[in-house]
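Each chain, written out:
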Amino acid sequence: MSCPSTLRRVALVAALLSSLSFAGGAHADVLNFDDLADGLVPLNYGGLDWSSFGWTAFSTAADPYTAHSGAGRLASGFLASDASSLIGFGQAVRFDGAWFAGQSGAVLSFELFFQGQRVAGSQSLDPSATPTFLASGYAGLVDAVQVKSQNHGEFVMDDFSFTPAVPEPQSYALLLGGLIGIAAAVRRRRQA
């Protein structure tokens, strides 16, 4: 029979292993668009669905508006509809937001969707020449984001940031290894 101090040690080790296994599992992915050539964004760039054909990549300094980092940035089509700015994730994520620069008056915001239903909307941002972060303002899961504006084509987007909701496979492997180790230690103590 195990003594209470042994059980406390096993519980402490289990809690530590569990927290360590998930500490590195959820990290933000940031698409900075610096690896794109000028032109339409590829349909599955960054593992996302850009098939609405609403986004064009720019990478030269002569192109409009300032990038937040590097030189790559995206612009929506001039006078495009909000529907053409839809970006699909293919899995549930927590969407953080993106950086925008543009012409004053091109007020924009995010519409956030999960399983075809609108779940939230962000505050609005009136862009300027200086890139500004527009946060989603929503901590729940989404699988698609739409950029809304009455003046599409008069702003650029950079550093599009989201966090996958499911821990990475190596996190599960680490947790499983820790649990197997704990079970083996408990078993040896009981046999002794």
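Definitions and cut-offs
Residues numbered from 1 in each chain as written. Predicted model: local features only at pLDDT ≥ 70, side-chain atom pairs only at ≥ 80, totals over all residues. Heavy atoms only, no water. Helix = DSSP H or I, 4+ residues; strand = E, 2+ residues; numbered from the N terminus. Contact = heavy atoms within 4.5 Å. Salt bridge = Lys/Arg side-chain N within 4 Å of Asp/Glu carboxyl O. Buried < 20%, exposed > 50% of the residue type's maximum accessible area, 1.4 Å probe, protein only. Core = buried A, V, L, I, M, F, W, Y, C linked by side-chain atoms within 4.5 Å. Lys, Arg positive; Asp, Glu negative; His and termini not counted. Polar contact = N/O pair within 3.5 Å; in protein donor to acceptor, adjacent residues only side chain to side chain. Phe/Tyr/Trp six-rings, centres within 6.5 Å; stacked < 30°, edge-to-face > 60°.

K.L.:
In this structure, what is going on with the overall build of the protein? I would like to understand it.
P.N.:
Helix and strand content of the protein: two helices and ten strands. The linear arrangement of helices and strands in the protein, starting from the amino end, is α-β-β-β-β-β-β-β-β-β-β-α. Excluding contacts between residues fewer than 6 apart, the proportion of contacts in the protein whose partners are at least 24 apart in sequence is 71%.

K.L.:
Explain the pattern of salt bridges to me, please; I cannot follow it from the model alone.
P.N.:
Enumeration over the complete set of coordinates arrives at two salt bridges. A salt bridge links Asp-82 to Lys-148; the nearest nitrogen and oxygen atoms lie 3.5 Å apart. Here Lys-148 lies in strand 9 (residues 142-149) and Asp-82 lies in the loop between strand 4 (73-76) and strand 5 (87-102), a separation of 66 residues in the sequence. For Lys-148, a relative accessible area of 29% translates into the label partly exposed.

K.L.:
Honestly, the nonpolar core in this entry has me stumped. Any pointers?
P.N.:
Generally speaking, a soluble globular protein has its nonpolar side chains buried in company with each other. Of all hydrophobic cores here, the largest spans 30 residues; its most connected members are Trp-50, Phe-100, Met-157 and Phe-160. Counting residues per element, this core draws most heavily on strand 5, which supplies six residues. If near-sequence neighbours (up to four positions away) are discounted, Phe-100 is found in contact with Leu-108, Phe-110, Leu-125, Thr-130, Pro-131, Thr-132, Leu-134, Val-147, Phe-155, Val-156 and Met-157.

K.L.:
Explanation requested: the side chain of Asp-158 in the structure shown.
P.N.:
Position of Asp-158 relative to the elements: it lies in strand 10 (residues 155-164). Arg-73 is the oppositely charged side chain nearest to the buried, salt-bridge-free Asp-158, at an N-O distance of 7.2 Å. Side-chain polar atoms of Asp-158 contact the backbone nitrogen of Ser-69, separated by 2.9 Å. Excluding anything up to four places from it in sequence, Asp-158 contacts Leu-31, Asn-32, Phe-33, Ala-67, His-68, Ser-69, Gly-72, Arg-73, Ala-98 and Trp-99.

K.L.:
Whenever I open this one, the packing of aromatic side chains confuses me. Can you help?
P.N.:
Two measures describe an aromatic ring pair: the distance that separates the ring centres and the angle between the ring planes. Summed over the entire model, instances satisfying the criterion amount to 13 aromatic pairs. Relative to Phe-160, the ring of Trp-50 lies with its centre 6.1 Å away and its plane at 55°, an arrangement referred to as tilted. Residue Trp-50 is located in the loop between strand 2 (39-40) and strand 3 (55-58), and its partner Phe-160 is located in strand 10; the two are separated by 110 residues in the primary sequence. Of the two residues, Trp-50 and Phe-160, both sit in the buried class. Relative to Phe-155, the ring of Phe-100 has its centre 5.8 Å away and its plane inclined at 70°; by these criteria the two rings are edge-to-face. Of the two residues, Phe-100 sits in strand 5 while Phe-155 sits in strand 10, which places them 55 residues apart along the sequence. One exposure class covers both Phe-100 and Phe-155, and it is buried. Linked through ring pairs, Phe-33, Tyr-45, Trp-50, Phe-89, Phe-95, Phe-100, Phe-110, Phe-155, Phe-160 and Phe-162 together constitute an aromatic cluster.

K.L.:
Can you help me understand the environment of Phe-155 in this one?
P.N.:
Residue classification places Phe-155 among the buried positions, given a relative accessible area of 0%. As a C-alpha pair, Phe-155 and Pro-131 span 24 residues in sequence and 9.9 Å in three-dimensional space.

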